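Here is how the chains run, residue by residue.
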Amino acid sequence: LGPVVVKGAWRFTAVTDRVVRIEHDGAARFVDEPTAAFVRSPPKGAWLSDGAVSNDWAELNTTGICVRYRPDVSPDAGTVVVTSRANELFRWTWGDDPADGNLRGTARTMDAGAETLDLNCNNKVSPTMDNSQMHCTWGLVSRKGWAVVNDTGMPVLSEDWFAPSRNTVDVSVFVHGLDFKGAMVDFFHAAGPPPTPPRWALGTMFTRWFNFDSDSTIAAIDDFESRSMPLDAWIFDMNWHLYGPWGAFTWNANSFPRLQSMLDEIRGRGLPIGANMHEHDGIRQNEQTYAEVCKALGRAPGQDIPFDLYNQSYAMAQEHIAIAELDSTAIRQGIDFSWIDYQQGEDDHFEGTRVPNLNPTIVLNYLRFTGKVGAQQGPTWPRGMVLSRWGGLGNHRYPLGFSGDQAHSWKGLAFLPYFTSTAANVGYNYWSHDTVGGDQGDAADYELSVRWVQTSAWSPVLRFHDKGAGNGQCSTSDVCARVSPWDLPNAFFEPIRRALQERDELIPYIYTAATKSAATGLALVRPMYYEDPADDSLYGLDAQYLFGPDMVISPITAPSGPEAKGFEQALGAVNWTVFAPRSPGGWVDRLNGDLYSTAEAGTQVRSVYGISDVPGLVRQGAVVPLRPPAPRGSSRLARAKQTLDAIEFRIAPADAFYTPGGRISASVEVVDDDGVSTDYLNGNQLRITCNYTFRGGRFDVDFNAAGGFPGQPYRVDVRLAFPQLPPMKGSLVTSAEASINYDEELVYDRSMLGSVFTLKGILLRELPGVSAHLELDPAYGAGLPNLVGVLGRVRRARYIKDALDRLGVTYGDNRASLTSYVLAGTQMSPEFAADLPKLWDAAMAETKALLDGDKGLKSDSRRARFVAAMAAGGAGADQGPPEAPEEVVALV
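A quick note: this is a predicted structure, and the numbers were derived from the prediction, not measured.

1. A closer look at the overall build of the protein
Each helix and strand in the protein was counted, giving 17 helices and 41 strands. In summary, the protein has a C-alpha radius of gyration of 29 Å against a globular reference of 29 Å for 892 residues, a match within 12%. Principal-axis analysis of the C-alpha atoms places the extent of the protein at approximately 90 × 70 × 65 Å. The buried share of the protein, reckoned over its 892 residues, is 60%. For the protein, the share of sequence-separated contacts (at least 6 apart) that also reach a separation of at least 24 residues comes to 72%. Of the roughly 32500 Å² of accessible surface on the protein, 49% is carried by carbon and sulfur atoms. Taking the average location of the 79 positive side-chain charges in the protein and that of its 106 negative ones, the two points are 3 Å from each other.

2. Overview of the pairing of strand β7 (residues 80-84)
Burial within β7 is extensive, with five of its five residues counted as buried. Burial of the side chains of β7 extends over both faces: V80, V82 and S84 are buried on one face and V81 and T83 on the other. Where strand β6 (residues 65-69) meets β7, five bridges bridge the pair, whose relative direction is antiparallel. Its bridge partner being in β7, C66 is matched across the sheet by T83. With three bridges connecting them, β7 and strand β8 (residues 91-93) associate as antiparallel partners. Considered in β8, the bridge of V81 is made with T93.

3. Considerations on the sheet that holds strand β32 (residues 646-651)
Pairing is mixed across the open sheet formed by five strands, whose spatial order is β31-β32-β36-β39-β38. Edge positions in the sheet fall to β31 (623-626) and β38 (743-749), since each has one partner strand and no second. Averaged over all pairs of adjacent strands, the angle between their axes in this sheet comes to 20°, without regard to strand direction.

4. Some words on the packing of aromatic side chains
Tallying each qualifying case throughout the model produces 49 aromatic pairs. Measuring from ring centre to ring centre gives 6.0 Å for F206 and F464, while their planes differ by 45°; the resulting arrangement is tilted. Placement of the pair is F206 in strand β13 (residues 204-206) and F464 in strand β22 (residues 462-464), with a sequence separation of 258 residues. Like F464, F206 is buried. Centroid distance Y509 to F547: 6.1 Å. Interplanar angle 20°. Geometry classified as stacked. In this pair, Y509 is assigned in helix α10 (residues 507-520) and F547 in strand β24 (residues 545-547), connecting sequence segments 38 residues apart. Of the two residues examined, Y509 and F547, each falls in the buried class. An aromatic cluster is built from F206, F210, F212, F224, W234, F236, W240, W251, F256, F464 and W486, whose rings are joined through pairwise contacts. Here the basic side chain of R143 rests over the ring of Y539, its NZ or CZ set 3.6 Å away from the ring centre. Lying over the aromatic face of Y511, R199 brings its terminal NZ or CZ to 5.0 Å of the ring centre.

5. Quick notes on the pairing of strand β16 (residues 337-340)
Of the two faces of β16, both are covered, the one formed by F337 and W339 as well as the one formed by S338 and I340. Two strands pair when backbone bridges link them, and strand β15 (residues 273-277) and β16 are joined in this way by four bridges, in the parallel orientation. Each residue of the ladder has a partner; that of N276, found in β16, is W339. As judged from the two bridges shared by β16 and strand β19 (residues 386-387), these two strands associate in the parallel manner. Paired with W339 across the two strands is L387, which belongs to β19.

6. Focus on the nonpolar core
Looking at soluble globular proteins, one finds that nonpolar side chains tend to be buried together. If you look at the biggest cluster of nonpolar residues, it comprises 185 residues, and the most contacted ones within it are F547, F649, F699, F703 and L720. By residue number, the principal contributor to this core is helix α12 (residues 790-807), which donates eight residues. Excluding residues within four positions of it along the chain, F649 makes contact with V623, V624, P625, V668, V670, I688, C690, F703, V718, R719, L720 and A721. In this structure, A107, A190, V574 and V578 belong to the second largest nonpolar core, which totals 58 residues.

7. Brief notes about the layout of surface pockets
Considering only enclosed or pocket space, the second largest pocket measures out at about 910 Å³ in volume. What lines the second largest pocket is a set of 32 residues, among which C136, W138, V149, N150 and M154 lie closest to the centre. Taken together, the elements giving at least two residues each to the lining of the second largest pocket come down to β9 (146-150) and β12 (169-175). With three residues, β9 is the largest single contributor of residues to the lining of the second largest pocket.

8. A few points about helix α17 (residues 861-872)
Its twelve residues give α17 an end-to-end C-alpha distance of 16 Å, which sits within 8% of 16 Å, the value for a rise of 1.5 Å per residue. Three or more residues of α17 are buried, namely R862, R863, A864, F866, V867, A869 and M870. Lining the buried residues of α17 we find β29 (603-609), α12, α15 (836-853) and α16 (855-859). Once α17 ends, the next one or two residues include G873, with phi positive near 85°.

9. As for the state of the cysteines
Counted according to the given criterion, the structure contains two disulfides. Here C121 is linked by a disulfide to C136, with a sulfur-sulfur distance of 2.1 Å. Its torsion about the S-S bond being -75°, the disulfide of C121 and C136 is classed as left-handed. Of this pair, C121 sits in the loop between β8 and β9 while C136 is found in the loop between β8 and β9, placing the two residues 15 residues apart along the sequence. Given a relative accessible area of 16%, C121 falls into the buried group. A relative accessible area of 22% places C136 in the partly exposed class. Covalent S-S linkage joins C474 and C480, the inter-sulfur distance amounting to 1.9 Å. Its S-S torsion of approximately 90° makes the covalent link between C474 and C480 right-handed.

10. Describing the environment of A77
Along the chain, the position of A77 falls in the loop between β6 and β7. On a C-alpha basis, the gap between A77 and D96 in space is 7.7 Å, while along the polypeptide they are 19 residues apart.

11. Some remarks on helix α2 (residues 214-226)
In this model, α2 (13 residues) spans 18 Å end to end at C-alpha, consistent with the 18 Å of a helix rising 1.5 Å per residue. Where α2 is buried, its residues touch β13, β14 (233-236) and α3 (259-268). Among the residues of α2, the N-terminal cap falls to D213, whose side-chain oxygen and the backbone nitrogen of D215 are separated by 3.0 Å. Following α2 by one or two positions, S228 has its phi on the positive side, about 55°.

12. A few points about the confidence of the model for the protein
Confidence in the prediction of the protein, expressed as mean pLDDT, is 94, and 97% of residues score 70 or more. Contacts from residues 373-377, a stretch scored under 50 in pLDDT, to residues over four places away or in other chains number seven contacts. Considering only residues more than four positions removed or in separate chains, one finds that residues 884-892, a stretch of pLDDT under 50, has 23 contacts.

13. A word on the pattern of salt bridges
Throughout the structure, instances matching the rule amount to 52 salt bridges. With a shortest N-O distance of 3.2 Å, R199 and D672 are connected by a salt bridge. Of this pair, R199 sits in the loop between α1 (180-191) and β13 while D672 sits in strand β33 (residues 663-672); the two residues are 473 residues apart in sequence, bridging distant segments of the chain. Taken individually, R199 and D672 each receive the classification buried, so the pair is uniform in this respect. Notably, a salt bridge pairs E531 with R619, separated by 2.8 Å at the nearest N-O pair. Here E531, found in the loop between β23 (525-526) and β24, pairs with R619, found in strand β30 (residues 616-619); they are 88 residues apart in sequence, far enough to count as distant. Residue E531 is classed as partly exposed on the basis of its relative accessible area of 23%.

14. A short note on the sheet that holds β6
One open sheet holds the five strands; their spatial order is β4-β5-β6-β7-β8, and the pairing between them is antiparallel. Each end of this open sheet is capped by a strand with a single partner; those strands are β4 (53-54) and β8.

Conventions used here
- Residues numbered from 1 in each chain as written.
- Predicted model: local features only at pLDDT ≥ 70, side-chain atom pairs only at ≥ 80, totals over all residues.
- Heavy atoms only, no water.
- Helix = DSSP H or I, 4+ residues; strand = E, 2+ residues; numbered from the N terminus.
- Rg over C-alpha atoms; globule rule 2.2 N^0.38 Å.
- Buried < 20%, exposed > 50% of the residue type's maximum accessible area, 1.4 Å probe, protein only.
- Contact = heavy atoms within 4.5 Å.
- Areas by Shrake-Rupley, 256 points an atom, 1.4 Å probe, with all protein chains shown as cover.
- Lys, Arg positive; Asp, Glu negative; His and termini not counted.
- Charge placed at Lys NZ, Arg CZ, Asp CG, Glu CD.
- Pairing = 2+ DSSP bridges.
- Axes fitted to C-alpha atoms, helices over the stretch in contact; angles between N-to-C directions.
- Phe/Tyr/Trp six-rings, centres within 6.5 Å; stacked < 30°, edge-to-face > 60°.
- Lys NZ or Arg CZ within 6 Å of the ring centre and 35° of its normal.
- Core = buried A, V, L, I, M, F, W, Y, C linked by side-chain atoms within 4.5 Å.
- 1 Å grid on protein atoms, 1.4 Å probe; cavity = no way out; pocket = protein on both sides within 12 Å on 5 of 7 lines; lining within 4 Å.
- Points joined across faces, edges and corners; volume = space filled by probe spheres on them.
- Expected span 1.5 Å × (residues − 1).
- Disulfide = S-S within 2.5 Å.
- Polar contact = N/O pair within 3.5 Å; in protein donor to acceptor, adjacent residues only side chain to side chain.
- pLDDT = per-residue confidence, 0-100.
- Salt bridge = Lys/Arg side-chain N within 4 Å of Asp/Glu carboxyl O.

Below is the structure:
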């Protein structure tokens, strides 16, 4: 019968076989135009019958749902029932509370210093703002199996502009049971897919509210480069424009007298440029485009032009004249993206223009994003991107998110994993948060600064910003927030730099997950229950989340000791628990190398961590695509935007590698494209796959490459990395058609305690004919199982040795075993591997003897507790349900 059935005042549209749009209007004035939430893609579902009436009820069916309704009455409680045909327990009835079973979505902002939000939209969402300002949105997934979107009265887009709604009742019902991925895929059909952000936006971005000028801007970028800090985009806060108004559209010539020269220099470093926008002040008489805007609006010059956003003529003049004058073009570097910082109220009217239920956040995001996409015609349109708050359902089409001026406290930090991951339930996959430590009373909480950066580094977007807390009178007494990582003591700067470098290396993994999100329904960062929605143990795990296809991440969001502040926090040891979900292949601790079999039930994984650590798990044997580390002495600026001329496939440890007769295979696909244009929508992407099989102590690895894009690399270096395995023998095999003999290099990387096999300069077209074979040295034999968990023991031993060395504890034979264990990667051999258990026992005995007898260590109680905690390890695994996040204990 097709996807649409009309019966009198009712219209039912099978958007998909599990999503129904229900409209009711006494005059049958049904609405076909898009709204902010739904783009009105052609329906994919089909009705199997036309809804014959029986006993005052009519029934419609697709293959996925059954709709029963009262055709002769207006919609009211109990008059419409939508049921899953796969499981009748998943049933929605008109009038049901949308909160019932709903897994929540997201809300507009954490402004006004909120530490947490309540994402139950029936409650007060923000402790600091009214609900009318929050656009709280229910999730599209639910433990009850249904979710409902009420689009009644929402403005429509008529001829590409917003107009009041004509509908009376307009409700969409999603009935997917526990198929959460399917719900999101169907939502992306109905509401449009989440665009893939520019690749550089997934690297490191920096901004601060500071009176930068042209020289100090370049100096700040130099600070990143000289310290080997990744940086991929520079954003000017509001001081870039004319002084006086909160918002303006004209550069401040006093601070930037040679503007174009400065912009060209930033771009010459490879960095896109963003700028903060507060649009509410309208177009003032001193703006560079004032006369042109007056002409476009038919106004006589002489008065400021007020902000009349919902008036299409004003909005187009603002975008196509004032904003366009600032934008980059094909021949001039300007601003590449806007940070839309509008925060003057979510009103539905400005000046003389009112559109009921409209809000300025979604309008500005729509204007700025779609304007950028349409800046050039043809397949090489630049990708749209804004940095802005959430404007309601449908805002997923305009990434990235800016969560506002939140409180920078431990409580605020602990909320972010839940808040960021839960937004996946409405497709808002790219929240970013101001990344900075505390200020005033918390300025010396250096540990908070480190943990905030680490959390952001393992989030969808990493963006530094201090919202002005880094300067002011606090600077005189040195209690300002430290947004520049090098302003922290080195013991804290180094973990921050390492977090940024690790993020930089993860870009291929992150970007591939982003490009696949629309097809899979899976955000890069998403709640744990997406792993298996039927598993009750995966709900309520608010301190951890799935990160891409093969990782679980749980950043540390609690202090190592509430009484400690300042430098002594470098000696903070934290006991932390991560829940490993049930999974046929099991998990490996990403830092410790301990293996967990979870085929039957999930496992609580406990360990102790120091200031440099971000706990997490990787699927056993998974292949994780990475960008190899930057060569020593080379710049780390603008690496995220680069195409993949070198790629590392890192194979996670697995039980099979250490077990006689063990066998396992896995594969991964990594996506590459130009990273900046919409040409990927035309299918112009390169997909490189790596497949391996392990059996009989041997890895057989092959590759493939499919597709392509203009400007793709001609050659590629491929690295295979095998952490926590002994030295191996390797060989490269190429097809008979290979045009040249390729160079290869096999080294043992002492930091990952594993072999790295590099295939150099492979012609991309010949990659499908290349394979590699690596064999474990049989001499390791019985010592091979001793390597399981050695990464974690070396990590802890290094923390202990460094703590003792910095105190100046007497060294010699009394620490020989400890030192030897720290240097395990340097002296790996079959004999050494066989003796590892004895060596560890001896190292811990040495540590205990020092704790018991060294006077200097006894007098330094925090250092002694740190050493004792690292020696104890806190490791363990318990079968059963996970602990609640608040039960995570910090060692002091």
